[in-house]
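Here's the letter readout for the chains.
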Amino acid sequence: MADAFSLREVLAAFQTCVTERREVLLGPYLSGWRGLIRFLHSLGAIFSFISKDAVAKVQIMENYCGGEQRDKYVSLQSMVEYELANGLVGVQKRSGGPDSGCRTVLRLHRALRWLQLFLEGLRTGREDSRTSVICTDSYNASLATYHPWVVRKAATVAFCALPPRNAFLEIMNVGTAEEAVAMLGEALPYICDVYGITQELFAQHKLLDLP
Ligand SMILES: CCCCCCCC/C=C\CCCCCCCC(=O)N[C@@H](COP(=O)(O)O)[C@H](O)/C=C/CCCCCCCCCCCCC
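From a predicted model like this one, the values you see are computed outputs, not experimental measurements.

## Structural notes on the site of the ligand
Around the ligand sit 25 residues in total, of which Asp53, Lys57, Arg103, Arg107 and His147 are the nearest. Between an oxygen atom of the ligand and a side-chain N or O atom of arginine 107, the distance comes to 3.1 Å. Histidine 147 places a side-chain nitrogen or oxygen 2.7 Å from an oxygen atom of the ligand. Considering each element in turn, the shell around the ligand owes the most residues, 6 residues, to helix 5 (residues 101-124).

See the structure below:
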């Protein structure tokens, strides 16, 4: 299946994101997200309100990366520098203009924190632990803070449809549940690294609360 989810590809994308100079390249960052969204699609229509939002955000970023200013959108660092220097980042409230790259990446960045917690929960969870509980706990400890009640409610209902932990690990397309756990152990440091660099960059420029 050409469109099947591959954790290896997602791992490779997040792995190649970070350059020797500790810059985060947007090309592989977005392709990592595309891979994750493919997986989300395979979980069924109940998750479509989540994948729609994620696709919209990735699409905004892909438009910047392929647009007239594409050379400014090679890395997160070059994007932040360019958008701040040109007054493109609305720090007070949403202007009604196009969403900036900084604002859009911030949403994905917060979701990456959820992913980090969720994958760590899956990796270290007992065989009989429930994916829905791991997912809800990870969500409540990260993204939920930024979402209104109605989104939190819908997300929590959707999480109940997640398959049990071992079935979930098997649909990751890596092999057995044990092999998937090993692969998660390999993938997580790369995802944490991308998260950490982005967090530091956004904190340094006071971009962590963009409306
Ligand atoms: C390694 C493989 C296993 C894990 C695979 C997980 C696949 C996850 C794929 C995508 C994750 C979804 C990312 C969602 C981004 C949400 C960004 C966001 O916060 N958007 C909200 C704010 O946006 P603005 O209004 O300010 O523009 C927006 O309101 C959100 C709407 C939709 C609801 C988002 C709920 C997010 C729940 C994340 C958990 C996903 C559950 C996946 C289950 C495995």
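## Side note on the packing of helix 5 against helix 9 (residues 177-204)
Packing of helix 5 against helix 9 leaves a shortest axis separation of 9 Å and a crossing angle of 150°. Overall, the two elements helix 5 and helix 9 adopt an arrangement that is roughly antiparallel. Crossing of helix 5 against helix 9: the hand is left-handed. Taken together, the residues of helix 9 that come into contact with helix 5 (itself represented by Cys102, Val105, Leu106, His109, Leu112, Arg113, Leu115, Gln116, Leu119, Glu120, Leu122 and Arg123) are Val181, Leu184, Gly185, Leu188, Ile191, Cys192, Val194, Tyr195, Thr198, Gln199 and Phe202.

## Structural notes on the packing of aromatic side chains
Applying the stated criterion to the full structure yields 7 aromatic pairs. Relative to tyrosine 29, the ring of phenylalanine 14 has its centre 6.3 Å away and its plane inclined at 85°; by these criteria the two rings are edge-to-face. Linking phenylalanine 14 in helix 1 (residues 7-17) with tyrosine 29 in helix 2 (residues 26-42), this pair joins segments that are 15 residues apart in sequence. Take phenylalanine 14: its relative accessible area is 1%, and that puts it in the buried class. The class for tyrosine 29 is buried, based on a relative accessible area of 0%. Three or more aromatic residues link up through ring pairs in this structure, and these residues are Phe39, Trp114, Phe118 and Phe168. Sitting above the plane of the tyrosine 146 ring, arginine 110 keeps its charged end 3.8 Å from the centroid. Here the guanidinium or amino end of arginine 113 rests over the ring plane of tyrosine 195, the centre of that ring lying 6.0 Å away.

## Quick word on the pattern of salt bridges
Side chains that carry opposite charge are capable of pairing whenever their charged atoms lie near each other. Counting across every chain of the model gives 8 salt bridges. For lysine 72, the salt bridge identified is with aspartate 71, shortest N-O distance 3.5 Å. For lysine 72, a relative accessible area of 27% translates into the label partly exposed.

## Section: the nonpolar core
Ranked by internal contacts, the top residues of the largest apolar core, which has 65 residues, are Phe14, Tyr29, Met79 and Met172. Look past the residues within four positions of methionine 79 in its chain and what remains in contact with it is Leu26, Met61, Lys72, Tyr73, Gly101, Cys102, Val105 and Phe202.

Each value, and the rule that gives it
- Residues numbered from 1 in each chain as written.
- Predicted model: local features only at pLDDT ≥ 70, side-chain atom pairs only at ≥ 80, totals over all residues.
- Heavy atoms only, no water.
- Near = heavy atom within 4 Å.
- Polar contact = N/O pair within 3.5 Å; in protein donor to acceptor, adjacent residues only side chain to side chain.
- Helix = DSSP H or I, 4+ residues; strand = E, 2+ residues; numbered from the N terminus.
- Axes fitted to C-alpha atoms, helices over the stretch in contact; angles between N-to-C directions.
- Parallel < 35°, antiparallel > 145°, perpendicular 65-115°, else oblique.
- Left-handed = near helix turned anticlockwise from the far one by under 90°.
- Contact = heavy atoms within 4.5 Å.
- Phe/Tyr/Trp six-rings, centres within 6.5 Å; stacked < 30°, edge-to-face > 60°.
- Buried < 20%, exposed > 50% of the residue type's maximum accessible area, 1.4 Å probe, protein only.
- Lys NZ or Arg CZ within 6 Å of the ring centre and 35° of its normal.
- Salt bridge = Lys/Arg side-chain N within 4 Å of Asp/Glu carboxyl O.
- Core = buried A, V, L, I, M, F, W, Y, C linked by side-chain atoms within 4.5 Å.

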